[in-house]
Amino acid sequence: QVQLVESGGGLVQAGGSLRLSCAASGSIFSIGAMGWYRQGPGKQRELVARIISGGRTNYADSVKGRFTISRDNAKNTVYLQMDSLKPEDTAVYYCNADRVAAGTPGQEPWYLEVWGQGTLVTVSS
């Protein structure tokens, strides 16, 4: 069983900052990529930022220069530092882990994608 647990959401004024954390737990051998998605009111879920195990990143155009994604591969944890927050950043933020190699040690792993339950970020003006 693999789980993702997010933390760090909350209420912040425009221009403020928050840092989201997401920790993967379970019998995990490796994780190919981790990222953050969000879904605002009346909107579809969209990619915010993504980072692969080698460190390469990509961001949505709307957050470039304001958000920074990072990960600790040894801890299977990903972070999203959000600066200069805007009201339009208000959304539920979901952690994602892709190509998760999981299973019993000594056995061939299976690969899966895992989603967290989400953490709410509200930015007021």
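The structure reproduced in this document is the subject of the present report. Since the model is a prediction, treat every value here as computed from it, not as a measurement.

## Here's the deal with the sheet that holds strand β3 (residues 18–25)
In spatial order, the strands read β1-β3-β8-β7; together these four strands make up an open sheet with antiparallel pairing. This sheet does not close on itself; its edge strands, each paired only once, are β1 (3–7) and β7 (67–72). Sheet twist, expressed as the average angle between the axes of neighbouring strands with direction ignored, equals 15°. Pairing of β7 with strand β8 (residues 77–82) involves six bridges; the strand directions are antiparallel. Within β8, the residue paired with Ile-69 across the bridge is Leu-80.

## A look at the nonpolar core
Ranked by size, the top nonpolar core spans 31 residues in total, and within it Trp-36, Leu-80, Met-82 and Tyr-93 carry the most contacts. Not counting the four nearest positions on each side in its chain, Leu-80 is found in contact with Leu-18, Arg-19, Leu-20, Trp-36, Val-48, Ala-49, Phe-67, Thr-68, Ile-69 and Tyr-93.

## Description of the packing of aromatic side chains
For the coordinates displayed, the defined rule picks out one aromatic pair. Above the plane of the ring of Trp-115 lies Arg-45, whose end atom (NZ or CZ) is 4.8 Å from the centre. A cation over an aromatic ring shows up here: Arg-99 above the ring of Tyr-111, its NZ or CZ 4.1 Å from the ring centre.

## Some remarks on the pairing of strand β4 (residues 28–39)
In this structure, β4 lies alongside strand β9 (residues 91–102), joined through ten bridges in antiparallel fashion. Note on β9: the bridge partner recorded for Ile-31 is Val-100. Across six bridges, β4 lies against strand β5 (residues 46–52) in antiparallel orientation. Residue pairing across strands places Ala-33 opposite Ile-52, the latter belonging to β5. In this structure, the hairpin formed by β4 and β5 is closed by a connection of six residues, where Gly-42 is found at a positive phi of approximately 70°.

What counts as what
Residues numbered from 1 in each chain as written. Predicted model: local features only at pLDDT ≥ 70, side-chain atom pairs only at ≥ 80, totals over all residues. Heavy atoms only, no water. Pairing = 2+ DSSP bridges. Helix = DSSP H or I, 4+ residues; strand = E, 2+ residues; numbered from the N terminus. Axes fitted to C-alpha atoms, helices over the stretch in contact; angles between N-to-C directions. Core = buried A, V, L, I, M, F, W, Y, C linked by side-chain atoms within 4.5 Å. Buried < 20%, exposed > 50% of the residue type's maximum accessible area, 1.4 Å probe, protein only. Contact = heavy atoms within 4.5 Å. Phe/Tyr/Trp six-rings, centres within 6.5 Å; stacked < 30°, edge-to-face > 60°. Lys NZ or Arg CZ within 6 Å of the ring centre and 35° of its normal.

The quantities given are spatial measurements derived from coordinates; they are silent on function.
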